Amino acid sequence: MKAVQVVRPGELRIVERQEPAIQHGGEVLMKVRMAGICGSDMHIYHGTSPVATYPRVIGHEVVGEIIEVGSETERIRPGDKVVLEPIQSCGVCYACRAGRRNVCEQLQVYGVHLDGGYQEYMVVPERNVHKIADHLDWQTGVLIEPFTIGAQAAWRGDVRPGDVVFIMGAGPIGLCALHMSKIRGATCIVSDISDAKLAYAAELGADYTLHARKENIRTALLQFTGGLGPNVTIDAVCTEQTFEEAVDVTSVAGRVVVLGFGDSPSRIPQLPITKKELTVVGSRLQSNQFGYVIDLFNQGVLQPQSFITHRYPIDEVHRAIQLIETHPNEVRKVILEF
Ligand code: MN
């Protein structure tokens, strides 16, 4: 079978591999049908991921069909349509015991620390797949994983009905956070430096959009919120500067959610955090969001098909990557088909 492997940073190859087989009773064999290309896949390819190991078959946004199940499986049956939950955790460390498996001490993520979804077949433990409704098509189902990331950010920001949420960045994660904040009953402001991305955010339900280069963000936000500032800021741009801005603009008793993996320090004084009693939180991957997000997809509450702008067969993965790199403003989500 074919697999897309990052051999070492900067070198991506389609390799021929043996089809995997079930080794333990608790595993399932999945035929991968579609996989999304994420910013983090691009980071692994370029060697700018602080967590990935090589060589690696990348891909963590994965949907497929179950071909075979092990003797000890309970929920999943051959023929089921499933989405991959790409995290493996130890179950006994502090984070796992606190229900936060996504920050497990022994965390392993498919496509990052373990071979991921850019291959024709995968064998994974049954707990790593969730059944989705038969009526969902693959190109809808493949968007479930990115929405769990948005759901996590909205949950970490404790977004409540009536809150004003400021989302920095109208890429896929910003847009998923927008949807999930709207579902929680918030009014949403989205900023970006692309007019096209801002127009799309408005189409998806953003109440107000801001061009971060053409407008003064602070002034515009204070004006929109009657001088208070947004109650929650979700930073999906993740630069040193956006983190500083987020702490600066967020309202009293507000929450700042950061999603970045950058290791350069921001200059953030204690005063705004103490004076406004801000809660500053990180949001990584997701914990327990798959069931909730799958229900929203199954019920048709989330119908984000317009996220996907391009589809390529796995053989054309190099073309797909080139498109993302050369036309970042025309690309929303690119999907590989198997
Ligand atoms: Mn992703």
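Reading guide: rules and limits
Residues numbered from 1 in each chain as written. Predicted model: local features only at pLDDT ≥ 70, side-chain atom pairs only at ≥ 80, totals over all residues. Heavy atoms only, no water. Donors = N, O, S within 2.8 Å, 3.2 Å for Na, K, Ca; no water. Helix = DSSP H or I, 4+ residues; strand = E, 2+ residues; numbered from the N terminus. Buried < 20%, exposed > 50% of the residue type's maximum accessible area, 1.4 Å probe, protein only. Phe/Tyr/Trp six-rings, centres within 6.5 Å; stacked < 30°, edge-to-face > 60°. Lys NZ or Arg CZ within 6 Å of the ring centre and 35° of its normal. Pairing = 2+ DSSP bridges. Axes fitted to C-alpha atoms, helices over the stretch in contact; angles between N-to-C directions. Domains from an automatic or database assignment. Contact = heavy atoms within 4.5 Å. Buried area = accessible area lost by both parts, 1.4 Å probe. Salt bridge = Lys/Arg side-chain N within 4 Å of Asp/Glu carboxyl O. Polar contact = N/O pair within 3.5 Å; in protein donor to acceptor, adjacent residues only side chain to side chain. Nonpolar A, V, L, I, M, F, W, Y, C, P; charged D, E, K, R; others polar.

Asker: Break down the coordination of the manganese ion for me, with residues and values.
Answerer: Ligation of the manganese ion by protein atoms is provided by Cys38 (SG), His60 (NE2) and Glu61 (OE), these donors lying 2.2 to 2.5 Å from the ion. Read from N- to C-terminus, the donor residues coordinating the manganese ion fall into the pattern C-x21-H-E. Placement of cysteine 38 in the loop between β3 (27–37) and α1 (39–46) and of glutamate 61 in strand β5 (residues 61–69) is noted, with a sequence separation of 23 residues between them. Using a relative accessible area of 14% as the deciding quantity, one classes cysteine 38 as buried.

Asker: How would you summarise the packing of aromatic side chains if you had to cite specific residues and measurements?
Answerer: Taken as a whole and judged by the stated rule, the model has 4 aromatic pairs. With a centroid separation of 5.5 Å and an interplanar angle of 80°, the aromatic rings of phenylalanine 147 and phenylalanine 297 are classed as edge-to-face. One end of the pair, phenylalanine 147, is in helix α4 (residues 144–156); the other, phenylalanine 297, is in helix α10 (residues 290–298), with 150 residues separating them in the sequence. Both residues of the pair, phenylalanine 147 and phenylalanine 297, belong to the buried class. Taking the centre distance of 4.5 Å and the plane angle of 5° together, the rings of tyrosine 208 and phenylalanine 224 count as stacked. Of this pair, tyrosine 208 sits in strand β13 (residues 208–211) while phenylalanine 224 sits in helix α7 (residues 217–224), and the two are 16 residues apart along the sequence. Take tyrosine 208: its relative accessible area is 25%, and that puts it in the partly exposed class. On the basis of relative accessible area, phenylalanine 224 is assigned to the partly exposed category, the value being 33%. The ring of tyrosine 121 has lysine 31 sitting right over it, with the charged end atom 5.1 Å from the ring centre.

Asker: Which residues make up the sheet that holds strand β2 (residues 11–16), and what are the values?
Answerer: Reading across from one edge, β2-β1-β4 is the order of the 3 strands in this open sheet, with antiparallel pairing throughout. Taken across any chain shown, the strands that pair with only one partner, and hence form the sheet edges, are β2 and β4 (56–57). Here strand β1 (residues 2–8) pairs with β2 via 6 bridges, running antiparallel. What sits directly across from arginine 8, in β2, is glutamate 11.

Asker: Account for the sheet that holds strand β11 (residues 164–168), naming residues and giving values.
Answerer: Across the sheet, which stays open at both edges, the 6 strands sit in the order β13-β12-β11-β14-β15-β16 with parallel pairing between neighbours. Of all the strands in the sheet, just β13 and β16 (279–282) have a single pairing partner and so form its edges. Each strand of the sheet is rotated relative to its neighbour by a mean of 15°, with strand direction disregarded.

Asker: Lay out the domain arrangement of the chain in plain terms, naming residues and giving numbers.
Answerer: If you check the domain split of the chain, you get domain 1 (2–143 + 304–337) and domain 2 (150–282). A separation of 28 Å is found between the C-alpha centroids of domain 1 and domain 2. On the domain 2 side, the residues contacting the 11 residues of domain 1 number 12 residues. Note on domain 1 versus domain 2: buried area summed over both sides is about 950 Å², and carbon and sulfur give 60% of it. Between domain 1 and domain 2 we count 0 salt bridges in total. Linking domain 1 with domain 2 are 4 residue pairs in polar contact (both at pLDDT 80 or more). Here the side of domain 1 that touches domain 2 is composed, by residue class, of 5 nonpolar, 3 polar and 3 charged.

Asker: Give a detailed account of the pattern of salt bridges, specifying residues and quantitative values.
Answerer: Applying the stated criterion across every chain yields a total of 16 salt bridges. Where glutamate 11 meets arginine 13, a salt bridge forms, and the shortest distance between an N and an O atom there is 2.5 Å. Here glutamate 337 makes a salt bridge to arginine 311, at a shortest N to O gap of 2.7 Å. Of this pair, glutamate 337 sits in strand β18 (residues 333–337) while arginine 311 sits in strand β17 (residues 308–313), and the two are 26 residues apart along the sequence.

Asker: Explain the pairing of β3 residue by residue, including any values.
Answerer: Burial runs high along β3: 9 of the 11 residues are buried. Summarising the sheet, β3 and strand β9 (residues 121–125) pair through 5 bridges and their orientation is antiparallel. Bridging across to β9, lysine 31 finds its partner in tyrosine 121. The pairing of β3 with β5 spans 8 bridges and is classified as antiparallel. When the sheet's bridge partners are listed, leucine 29 is paired in β5 with glutamate 68. By the bridge criterion, 4 bridges tie β3 to β18 in an arrangement that is antiparallel. Directly across from isoleucine 37, in β18, lies its bridge partner valine 334.

Asker: Let's hear about unusual backbone geometry: which residues, and what values?
Answerer: Here tyrosine 54 and proline 55 are connected by a cis peptide whose omega angle stands at -5°. Note on placement: proline 55 falls in the loop between α1 and β4. Positive phi, normally seen in glycine, also occurs at alanine 253, with a value near 60°. Looking at where alanine 253 falls in the secondary structure, it is placed in the loop between α8 (240–249) and β15 (255–258). On the accessibility criterion, alanine 253 (53% relative accessible area) is exposed.

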